Amino acid sequence: MAASASSAINLSIKPLHTSLSWKTHLSSTSALAVSPLSGHRQYPRFVIYAVGDKPTVLVAEKLGEAGVNLLKEFADVDCSYNLTPEELCNKISLCDALIVRSGTKVSREVFESSGGRLKVVGRAGVGIDNVDLAAATEHGCLVVNAPTANTVAAAEHGISLLTAMARNVAQADASVKAGKWLRNKYVGVSLVGKTLAVMGFGKVGSEVARRAKGLGMHVIAHDPYAPADRARAIGVELVSFDKAIASADFISLHMPLTPATNKVLNDETFAKMKKGVRIVNVARGGVIDEDALVRALDAGIVAQAALDVFTVEPPKDSKLVQHENVTATPHLGASTMEAQEGVAIEIAEAVVGALNGELAATAVNAPMVPAEVLSELKPFVALAEKLGRLAVQLVAGGSGVKSVKVTYGSARGPDDLDTRLLRAMITKGLIEPISSSFVNLVNADFTAKQRGLRIAEQRSLLNGSPESPLEFIQVQISSVESKFASALSDSGEIRVEGRVKDGIPHLTKVGSFEVDVSLEGSIILCRQVDQPGMIGKVGSILSEGNVNVSFMSVGRVAPRKHAVMAIGVDDQPSNEILKRIGEIPAVEEFVYLKI
């Protein structure tokens, strides 16, 4: 069994507004505070705008028409290009989502200026180095990208630069247009039999490798995260960084810009390369020390370079761009008509999905889970959040939530269930009902740590079929008082447990009592003396108040002893209706919980 936790500090439960208190047949220490929570702001999933309102999406860089049209079906779209940093900060507090390409810096100041409204940043492309991910996470903003639509276009451009560089196409073209005919000067080199080192074997890198194999090149690759079997399937050997750059006749860069890759090609690494190596970069300009590349070109260590990206774009007064052995293009990697439309649609769908509360498979600052796993976990994600909401509403006002234990019952092996999504949504459920914080998959762990909420996870391995990822989820809050004493387990923790039935989350246990109620709408829990007519009495009172009952379940210790009735309601009962339920002589305690 695995457990994970953050440091424990006190998470105080503060009353949201005046509660109703009822005397019960239990001891005075068990007096019930009923809190309808009618004034509390609710966030269903990720949605942060009122029902019926349209969110606002700011498109800060040119986006394909198909993507813009898709956005307009769902949101108010503001296409404002070439904004200065100050203008972006001024606009962002009016926007729920922001879409950029590579030219707009989404800095910490942008997230701070949003005032918490910005919930999604969409990067129309793969790289996200122009977005401050740490700031996005702290502010609960999901960052999504479009990692697949421009893959082929970028790979094709890489191959185009590779072949154009090898045959001096750009230089020869300029020479002919200048009225010259310098056939001897522009003799090229052949690609057949040459070694190409692909640095970064992700989507684009692997597509470049496929095409280079078709040109008769010997391809090696370096990527510390690439699976060896995928490389072998293409006929590519994975090697160390030093071996790759030392063995290559051509080097093609396809790595992201990170602290580890910043200026990874520098004076030291150029010195390890074959003399006369040729370099292609369609990844990020910052992975090359541009001054060092100029020195390597002048020294003949690097014979030629073909560059689509630069540290500063557009480059100004650049010796590198002006070098006679450099072929330069203005960041055209994704610039095909097909790729532009594909990226626009992909990022628009990701942004709309995120604003709708869907779990994004392309999120870059949230748990990365394949789409098929997201689909499988979806009903359990809803269950996890609702159990968290129920559990924290059972805590008596003033108690401090310090420690929560979550148990997952599953017939699957320990490596077959990623619980990060579930933990995040339990955290969301625990924190949002008792604070003004907005919690989502992005900032859940960060927010829990800030508030000192320790969440320990454990697995309960069950016998049975592993077809379903989970059989049940149980949430326990320890060292707190409960406003509904029957929710306490034998060991004294507030305990709720739930299952998914026919795709719908159900509450199946409260304390030691077995119940079965659909977690839709809200719930009334009653502890009562088990006697005939109780269901009818409570149902009649709710009916008189025009409160629709969606579900009702009774769990009892033994006949004619104590029972817990769980009632699902579609409508919020008035204070008068709740008071009448509490005045039924056989009712010992009850609580209204808003899901």
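Here the structure is a predicted model, which is why all the values come from computation and not from measurement.

## What about the overall build of the protein chain?
Okay, so step 1: In terms of helices and strands, the protein chain carries 18 helices and 26 strands.
Okay, so step 2: In the protein chain, buried positions account for 52% of the 595 residues.
Okay, so step 3: Restricting the contact set of the protein chain to residue pairs at least 6 apart, pairs at least 24 apart contribute 68%.
Okay, so step 4: For the protein chain, the exposed surface amounts to about 26,200 Å²; the carbon and sulfur share of it is 51%.

## Description of the nonpolar core
Okay, so step 1: Ranked by size, the top nonpolar core spans 79 residues in total, and within it Ile473, Leu507 and Leu525 carry the most contacts.
Okay, so step 2: The dominant element in this core, judged by the number of residues it contributes, is helix α14 (residues 371-393), at 10 residues.
Okay, so step 3: Residues in contact with isoleucine 473, not counting those within four places in the same chain, are Phe380, Leu383, Ala384, Leu387, Val406, Thr407, Tyr408, Ile426, Val496, Glu497 and Gly498.

## Thoughts on the environment of arginine 495
Okay, so step 1: Along the chain, arginine 495 turns up in strand β20 (residues 494-501).
Okay, so step 2: For the pair arginine 495 and valine 475, spaced 20 residues apart in the sequence, the C-alpha separation amounts to 5.8 Å.
Okay, so step 3: Not counting residues up to four positions away in its chain, the partners in contact with arginine 495 are Gln474, Val475, Gln476, Ala487, Ser489, Lys509, Val510, Gly511 and Ser512.

## Description of the confidence of the model for the protein chain
Okay, so step 1: Within the protein chain, residue pLDDT values average 83, and 88% of them lie at 70 or more.
Okay, so step 2: Here residues 1-52 scores under 50 on pLDDT; set against residues more than four positions off or in separate chains, the count is 141 contacts.

## Remarks on helix α16 (residues 444-451)
Okay, so step 1: Looking only at α16, the buried set comprises Ala444, Thr447 and Ala448. Along α16, the residues classed as buried sweep out an arc of 100° about the axis, all on the same side. For α16, the exposed residues lying more than 90 degrees away from the buried face are Lys449 and Gln450.
Okay, so step 2: Where α16 is buried, its residues touch α15 (420-431).
Okay, so step 3: Looking one or two residues beyond α16, the residue adopting positive phi is glycine 452, at roughly 75°.

## A few points about the side chain of serine 318
Okay, so step 1: In this structure, serine 318 sits in the loop between β14 (302-307) and α12 (319-322).
Okay, so step 2: A polar contact is formed between the side chain of serine 318 and the backbone nitrogen of leucine 320, at a distance of 3.2 Å.

## Points about the packing of helix α1 (residues 65-72) against helix α13 (residues 337-355)
Okay, so step 1: Two numbers describe how α1 lies on α13: the axes approach to 7 Å, and their chain directions differ by 20°. Taken together, the axes of α1 and α13 lie roughly parallel to each other. In this structure, α1 crosses over α13, and the sense of that crossing is right-handed. Packed against α1, whose contacting residues are Glu65, Ala66, Gly67, Leu70 and Leu71, the element α13 presents Glu341, Ala344, Ile345, Ala348, Glu349, Val351 and Val352 at the interface.

## Overview of the sheet that holds strand β18 (residues 454-461)
Okay, so step 1: Taken in spatial order, the 6 strands of this open sheet run β18-β17-β19-β20-β21-β22, and their pairing is mixed. Of all the strands in the sheet, just β18 and β22 (513-518) have a single pairing partner and so form its edges. Taken over all neighbouring pairs, the strand axes of this sheet differ in orientation by 20° on average, direction set aside.
Okay, so step 2: As paired strands, strand β17 (residues 403-410) and strand β19 (residues 472-478) are joined by 7 bridges and run antiparallel to one another. Bridging from a neighbouring strand, serine 403 pairs with serine 478 of β19.

## Focus: the pattern of salt bridges
When the charged atoms of two side chains lie near each other, side chains of opposite charge can form a pair.
Okay, so step 1: Taken as a whole and judged by the stated rule, the model has 22 salt bridges.
Okay, so step 2: Residue lysine 272 is joined to aspartate 242 by a salt bridge in which the shortest nitrogen-to-oxygen separation is 3.5 Å. Of this pair, lysine 272 sits in the loop between α10 (267-270) and β13 (277-281) while aspartate 242 sits in helix α9 (residues 241-247), and the two are 30 residues apart along the sequence.
Okay, so step 3: For lysine 272, a relative accessible area of 37% corresponds to the partly exposed category.
Okay, so step 4: In this structure, the salt-bridge partner of lysine 274 is aspartate 249, at a minimum N-O distance of 3.0 Å. Remark: aspartate 249 occurs in the loop between α9 and β12 (250-253) and lysine 274 occurs in the loop between α10 and β13; sequence separation between them is 25 residues.

## Thoughts on the packing of helix α17 (residues 534-544) against helix α18 (residues 575-582)
Okay, so step 1: The N-to-C vectors of α17 and α18 enclose an angle of 165°; their axes lie 10 Å apart at closest approach. When the interaxial angle is binned, α17 and α18 end up roughly antiparallel. Where α17 crosses over α18, the two elements pack in a sense that is right-handed. Seen from α17, the contacting residues are Val538, Ile541, Leu542 and Glu544; seen from α18, they are Ile577, Arg580 and Ile581.
Okay, so step 2: Of the residues that constitute the contact of α17 with α18, the class distribution is 5 nonpolar, no polar and 2 charged.

## Here we look at the pairing of strand β5 (residues 76-79)
Across a regular strand the side chains alternate sides, sitting on one face of the sheet and then on the other.
Okay, so step 1: Where strand β4 (residues 56-59) and β5 come together, 4 bridges link them in parallel fashion. What sits directly across from valine 59, in β5, is cysteine 79.
Okay, so step 2: Handedness of the crossover joining β4 and β5 through α1: right-handed.

## Focus on the sheet that holds strand β9 (residues 195-199)
In any sheet, the strands associate via hydrogen bonds between backbone groups, in a parallel or an antiparallel arrangement.
Okay, so step 1: If you trace the 7 strands from one edge of the open sheet to the other, you get β11-β10-β9-β12-β13-β14-β15, paired in parallel fashion. Of all strands in the sheet, those with a lone pairing partner are β11 (237-238) and β15 (326-328), marking the two edges.
Okay, so step 2: Docked against the sheet, helix α11 (residues 290-299) engages β14 and β15, running at close to 140° with respect to β14.

## Remarks on α15
Okay, so step 1: Taking 1.5 Å per residue, 12 residues should reach 16 Å; α15 reaches 16 Å between its end C-alpha atoms and fits that length.
Okay, so step 2: α15 sits mainly inside the fold: 11 of its 12 residues count as buried.
Okay, so step 3: Looking only at α15, the buried set comprises Leu421, Leu422, Arg423, Ala424, Met425, Ile426, Thr427, Lys428, Gly429, Leu430 and Ile431.

## Section: unusual backbone geometry
Okay, so step 1: Here the bond from glutamate 313 into proline 314 is cis, since omega is -5°, no more than 30 degrees from zero.
Okay, so step 2: Along the polypeptide, proline 314 turns up in the loop between β14 and α12.
Okay, so step 3: Phi is positive for aspartate 317, which is not a glycine, with a value near 50°.
Okay, so step 4: Among the structural elements, aspartate 317 can be located in the loop between β14 and α12.
Okay, so step 5: Relative accessible area serves as the criterion here: at 81%, aspartate 317 is assigned to the exposed category.

## Considerations on the environment of alanine 244
Okay, so step 1: Its place among the elements puts alanine 244 in helix α9.
Okay, so step 2: You can call alanine 244 buried: its relative accessible area is 0%.
Okay, so step 3: Alanine 244 sits 24 residues away from isoleucine 220 along the chain, and the two C-alpha atoms are 6.8 Å apart.
Okay, so step 4: Leaving out residues up to four positions away in the same chain, alanine 244 has contacts with Ala197, Met199, Ile220, His222 and Val239.

Rules used in this analysis
Residues numbered from 1 in each chain as written. Predicted model: local features only at pLDDT ≥ 70, side-chain atom pairs only at ≥ 80, totals over all residues. Heavy atoms only, no water. Helix = DSSP H or I, 4+ residues; strand = E, 2+ residues; numbered from the N terminus. Buried < 20%, exposed > 50% of the residue type's maximum accessible area, 1.4 Å probe, protein only. Contact = heavy atoms within 4.5 Å. Areas by Shrake-Rupley, 256 points an atom, 1.4 Å probe, with all protein chains shown as cover. Core = buried A, V, L, I, M, F, W, Y, C linked by side-chain atoms within 4.5 Å. pLDDT = per-residue confidence, 0-100. Arc of directions from axis to C-beta. Polar contact = N/O pair within 3.5 Å; in protein donor to acceptor, adjacent residues only side chain to side chain. Axes fitted to C-alpha atoms, helices over the stretch in contact; angles between N-to-C directions. Parallel < 35°, antiparallel > 145°, perpendicular 65-115°, else oblique. Left-handed = near helix turned anticlockwise from the far one by under 90°. Pairing = 2+ DSSP bridges. Salt bridge = Lys/Arg side-chain N within 4 Å of Asp/Glu carboxyl O. Nonpolar A, V, L, I, M, F, W, Y, C, P; charged D, E, K, R; others polar. Right-handed = clockwise from strand over helix to strand, strands pointing away. Expected span 1.5 Å × (residues − 1).

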